[in-house]
Structure formats: structure tokens, C-alpha cells
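Observations on chain architecture
In case you want the letters, here they are:
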Amino acid sequence: MTSRILHRMINHAYPVAVGGEGIEIIDSTGKRYIDASGGAAVSCLGHGHPDVTRAIHEQADKLAFAHTSFFTTEPAEKLADKLVGSAPKGISHVYYVSGGSEAIEAALKMARQYHVERGEPQRRHFIARRQSYHGNTVGALSVGGNAWRRQQFAPMLIEAHHIAPCFEYRDRRPDETPEAYGKRAADELEAKILELGKDSVIAFVAEPVVGATLGAVTAAPGYFKRIREICDKYGVLLILDEVMCGMGRTGTLNACEQEGISPDIMTIAKGLGGGYQPIGAVLLGQHIFDAFTQGSGFFQHGHTYLGHPMACAAALAVQEVIERDHLLDNVKAMGVHLMDRLQDRFGNHRHVGDIRGRGLFQAIELVQDRATKSTFDPALKLNARIKKEAMNIGLMCYPMGGTIDGRYGDHVLLAPPFICKPGDIDTIVARLGDAVDAALKSVA
């Protein structure tokens, strides 16, 4: 049958997903796939959770939609209370959107308007990091540092500036301690601010744990505390993108908790609603809210479906299940088990250079040579080969290709549901090992 959908890959025949149970998705032939990537770090509760589907049904029976220029709704208000109650220190309010890219777009505009409201309209620059990803809309793509995604759209992107990622495996010198490297990497931000003009920068945007573009990379010790100091020194807002790494994925509800800092603005999505409804949010500090309140009195932004009652009801149910069932404890425990199994299977693999991550957000990086950390030729599309081999044996994982300049290598991201058990982790790693070896054999 000819599809009328413009699929992500036009000449690829996709299986038809017809059902989901727990950590598995089922296609129209009855084949089951372990969802070891949570789709794209989305399905934190797996598939078909009865408490979430019940909440969606109950909300649909009451009210499916009410435009936020006329009404607020009970699920939206309850969800906001819950999110602020568990947010980093200083966060006071929530702005709803329908996904991660929308959240970043809103955060960028919110940051710019904050400075305008305070009488600093000259601030115009955003700084982010190379080999980052913040979404696919124009503003989000502009601040993102994924060169391949940016390449063909470069003429239409807004101006943004990028510094190096904090990536010990690739960039720490042999004579540096992790702490010294973290300070050196963070100090690039101060240098860039001074280069652009110390009162001209709006915000610095970063993922506390870098997602699929770099592959579950955690920052060096002290890096984010130094970043926070630099931002405060120059009046630059710190926007933390927790769309992929947040909402419990790394073992704490907010990934930045483990860095000991609070952002001015934070974006969340994916695990917020667990894939049961499209939803994202921007969490903003009291000082951001106060600037709007004492200034124009409104945020000059908006979308039709923000604060959608069914989306908020689903997200509220997801977050209640995570809290009720103590699933963050399971994320921590299964995260340790996952790291142990990855080390057992790939620790001595001649083509695996690094195993990294936090909680149920981990990755392996593939290299041609462990000693030199040389990467595979991007033209080999090793990531696509791994994905194909994994799907053939009933495993969903998230392989990403090396950079177009060969600076960073292919990697495979794992982000299994929070409900997984030790046996599930064992099966995931075993199947991943088979898929990786089959893919490597095909490029040998």
C-alpha cells in the first residue's frame, strides 16, 4: 500500500505499530519490540498504563478543549502546582506548550522579553554549545549546535553563538583533573560574553546531560556551578534544556538537582507526559514573572493548544504514578544495573570507546580505534545499520551518527521506561550487543 504520509525517511518501509504493553510495542504482524529508548526518551511509563489512560478518558468525558485566552482548567492548574512544588529553587510559574521545540522557542522569547521589560533592550545574543540539540523549529535550531541539522537551513537561522561542549572523553587533556577541565570549559562562556559585549547577551542555553546529539554526556564536576556564577556576574539568564534528560530520566526529577544549581528558565517535555499526550512546559523563576507583572503585564507569545486539558490530565497522571510508585528509586537502581551490564558487554569491546550516562539515560560511543578515539567515516552510516539490526531482533534503541566533520563519533543512546526490571535490562544489553556486532561486521 502506498502511504500518503511524508515519513521521516521517504524510501523506508515502516512497520505499523498497533499496540503497546509495558516496555514493548507491537506491530501489525504481532512482532514485539522492547522499547529500550522510550521512543526518544519519551515513554517513561512504557505503554498502556491503565492509570494514565483512565485519566485521559475521564478528562475527555468532562472537557476536551478550552482556549486559554478565555479559560484556565483544573488539570492545568493542578499540574502547575505539582511541577512548581518539585521544581528547582526559585521556580515559581509554568507556561505550557505542546512539545520540546515549542518550549525552547517560548523560553528564548521569554528571555528576550525579560530584558526588554527591565530596560535592557540592547541584549540580543544567545550562547549555546556545539554538538547540542534544542529542537527543530527555527529559533530552537538556531541555538542548537547540531551541525548536520543546521547545515541546509543556515541562511534562515537567527544569529546565535556556540562554545565547546563539556565532554571529558574527547576534550579533557591528560594533565588535567576533571575539575580543572570543567572550569576551563565553563570559562569559554565568560570569554564569549566579553567578546560579544558584557551587557549584550540574553541567555546561555544548555542541557544538564546532553541528549541524543552527543549521547548522554554528563558535565565535569563543578562545570555548571561555574556556569551559574558567570551568568550571574553578567546578568545573563541560564536556560536549562531538560526536555530529554529531565522529569526523572537521570534519577532525580530535575537533572540539574545533581549539579547543585537552579536555572532562571527550564524547559521540559517528553517524560512530562510520557507520550500519552503531546505536552511540554517552560518553568520560570519568580524574577522572570515579576518583570512581566511589573512591566507589560503579559507574555507576548502563545499557541492554540497550550494548556490543553487532556494533555495536562495525562501529564498529571504520569507524574502522580511516578511519585506514588517510587519510580525514581527504580530509575537509580536500574541505572546502576544498566551501567554494570554495559560495562560487562562492551567494556572491552575494541570498537566501544566510552560508556557513559546517568540513571536510565546512558550511551555507548563507537570508535574505529580505542587508543586514538578515531571515528568511523560518517558515510558508512553505522548508526542506521545498528538501528536496522536492532529492529530486526526486536529492540528499539537510539543510534546517532558521527558529526559531518568526523570530530565526534557514532553512539547509541538507551532510555528505557522507568518500570523496567533487571531481566529487561539484561535482555536489552544482550540484544544491543548482537545488533552492534552485526552492524560492525557489515562495515568491516
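Each chain carries its own residue numbering, running from 1 in the direction its sequence is written. With pLDDT at 70 or above as the cut-off, local features in this predicted model cover only qualifying residues; side-chain atom pairs require 80 or more to be listed or tallied, and sums for whole chains, interfaces and linings still use all residues. For the side-chain quantities, the full set of heavy atoms in the structure was used; hydrogens and water were omitted.

1. Focus: the layout of surface pockets
Threshold: Only protein atoms enter the 1 Å grid used here. Points where a 1.4 Å probe fits but cannot escape make up a cavity, open sets with protein on both sides within 12 Å along at least five of seven lines make up a pocket, and a residue lines them when an atom lies within 4 Å of a point. Grid points are joined across faces, edges and corners, and a volume is the space filled by probe spheres set on the points. To qualify as a helix, a DSSP run of H or I must reach at least 4 residues; to qualify as a strand, a run of E must reach at least 2; elements of each kind are numbered from the N terminus. When residue character is reported, Ala, Val, Leu, Ile, Met, Phe, Trp, Tyr, Cys and Pro are called nonpolar, Asp, Glu, Lys and Arg charged, and the others, Gly included, polar.
The space that makes up the second largest pocket amounts to roughly 700 Å³. Within the residue set of the lining of the second largest pocket, elements represented by two or more residues are α3 (74–85), β4 (91–97) and α10 (286–294). With 5 residues, β4 is the single largest residue contributor to the lining of the second largest pocket. Broken down by class, the residue content of the lining of the second largest pocket amounts to 14 nonpolar, 9 polar and 2 charged.

2. A word on helix α13 (residues 382–392)
Going by this rule: Only protein chains enter the accessibility calculation, which uses a 1.4 Å probe. A residue is then buried if its area is under 20% of the maximum for its type, exposed if over 50%, and partly exposed in between. In this description, the arc belongs to the directions extending from the helix axis to the C-beta atoms. When checking whether two residues touch, look at their non-hydrogen atoms; a contact exists if any pair is within 4.5 Å.
Taken together, the buried positions of α13 are Leu382, Ile386 and Ala390. Axial view of α13: buried residues confined to an arc of 70 degrees, hence all on one face. On its buried face, α13 is in contact with β14 (362–366), β15 (395–396), β16 (398–400), β17 (411–414) and α14 (422–443). Positive phi shows up at glycine 394, right after α13, with a value of about 80 degrees.

3. Observations regarding the pairing of β17
Which entries qualify depends on this criterion: Any two strands between which DSSP finds at least two bridges are classified as paired.
Every second residue of β17 is oriented toward a common face, with His411 and Leu413 on one face and Val412 and Leu414 on the other, all of them buried. Where β14 meets β17, 4 bridges bridge the pair, whose relative direction is antiparallel. Considered in β17, the bridge of alanine 363 is made with leucine 413. Bridge count for β16 against β17 is 3 bridges, and the pairing is antiparallel. Note that in β17 the partner of proline 399 across the bridge is valine 412.

4. Re the sheet that holds β14
Here is the rule: To get an axis, a line is fitted to the C-alpha atoms, and for a helix only the part in contact is used. The angle between two axes follows their N-to-C directions and goes from 0 to 180 degrees.
The strand order across the open sheet built from 4 strands is β13-β14-β17-β16, with neighbouring strands paired in antiparallel fashion. At either margin of the open sheet sits one strand with a lone partner, and together these are β13 (352–357) and β16. The mean angle between the axes of side-by-side strands here comes to 20 degrees, regardless of whether they run parallel or antiparallel. Of the strands in this sheet, β14, β16 and β17 are in contact with α13, which crosses β16 at around 160 degrees.

5. With respect to the nonpolar core
Put simply, the rule is: Buried residues of nine kinds, namely Ala, Val, Leu, Ile, Met, Phe, Trp, Tyr and Cys, make up a nonpolar core once their side-chain atoms join them within 4.5 Å.
Membership of the largest hydrophobic core comes to 52 residues, with the highest contact counts inside it found for Leu79, Tyr96, Leu189, Phe204, Tyr223, Ile227 and Leu272. Counting residues in each nonpolar core, the second largest holds 45 residues, with Cys44, Leu342, Leu395 and Val412 among its members.

6. Focus on the confidence of the model for the protein
For clarity, the threshold we go by: The predictor's confidence in any single residue is recorded as pLDDT, a number from 0 to 100.
Across the protein, pLDDT averages 97, with 100% of residues at or above 70. Here helix α6 (residues 147–151) is the element of the protein with the lowest mean pLDDT, 90, and strand β10 (residues 237–241) is the one with the highest, 99.

7. Details of the side chain of arginine 249
The line we're drawing: None of His or the chain ends enter the tally, which takes Lys and Arg as positive and Asp and Glu as negative. A pairing counts as a salt bridge when a side-chain nitrogen of Lys or Arg comes within 4 Å of a carboxyl oxygen of Asp or Glu. Two N or O atoms form a polar contact when they lie within 3.5 Å of each other; inside protein one atom must be a possible hydrogen donor and the other a possible acceptor, and for residues adjacent in sequence the pair counts only when both atoms belong to side chains.
Summarising the element assignment, arginine 249 is placed in the loop between β10 and β11 (265–268). Salt bridges are absent for the buried arginine 249, whose nearest opposite-charge side chain, aspartate 35, sits at 8.2 Å. A polar side-chain atom of arginine 249 sits 2.9 Å from the main-chain carbonyl oxygen of leucine 360. Here proline 416 takes part through its backbone oxygen, which lies 2.7 Å from a polar atom of the side chain of arginine 249.

8. A look at the packing of aromatic side chains
Formally: Two aromatic rings, drawn from Phe, Tyr or Trp (for Trp, its six-membered ring), form a pair once their centres lie within 6.5 Å of each other, and the interplanar angle then sorts them: stacked below 30 degrees, edge-to-face above 60, tilted otherwise. In this scheme, Lys NZ or Arg CZ marks a charge over a ring once it lies within 6 Å of the ring centre and within 35 degrees of the ring normal.
One pass over the structure, following the stated rule, counts 6 aromatic pairs. Feature note: the residues Tyr95, Phe292 and Phe299 constitute an aromatic cluster, connected by ring pairs. The ring of tyrosine 133 has arginine 149 lying over it, and the distance from NZ or CZ to the ring centre is 4.5 Å. Taking the ring centre of phenylalanine 346 as reference, the NZ or CZ of arginine 345 above it sits at 5.3 Å.

9. Regarding the packing of helix α2 (residues 50–62) against helix α11 (residues 309–324)
The following threshold applies: Oblique is the label for every angle not falling under 35 degrees (roughly parallel), over 145 degrees (roughly antiparallel), or within 65 to 115 degrees (roughly perpendicular). Two helices cross in a left-handed way if the nearer one is turned anticlockwise from the farther one by less than a right angle. They cross in a right-handed way if the turn is clockwise.
Two elements in contact, α2 and α11, have axes separated by 8 Å at closest approach and are oriented at 150 degrees. As summarised for this structure, α2 and α11 are arranged roughly antiparallel, according to the angle between their axes. Relative to α11, α2 is oriented so that their crossing is right-handed. Judged by residue contacts, Asp51, Val52, Ala55, Ile56, Gln59 and Ala60 of α2 engage Pro309, Met310, Ala313, Ala314, Ala317, Val318, Val321 and Arg324 from α11. Grouping the amino acids of the contact of α2 with α11 by side-chain chemistry returns 11 nonpolar, 1 polar and 2 charged.

10. A few points about the environment of valine 367
Tracing the sequence through the fold places valine 367 in the loop between β14 and α13. Overall, the relative accessible area of 0% leaves valine 367 in the buried class. For the pair valine 367 and glutamate 179, spaced 188 residues apart in sequence, the C-alpha separation works out to 26 Å. Setting aside anything within four residues of it in sequence, one finds valine 367 in contact with Tyr169, Arg170, Arg350, His351, Val352, Gly353, Lys373, Ser374 and Phe376.

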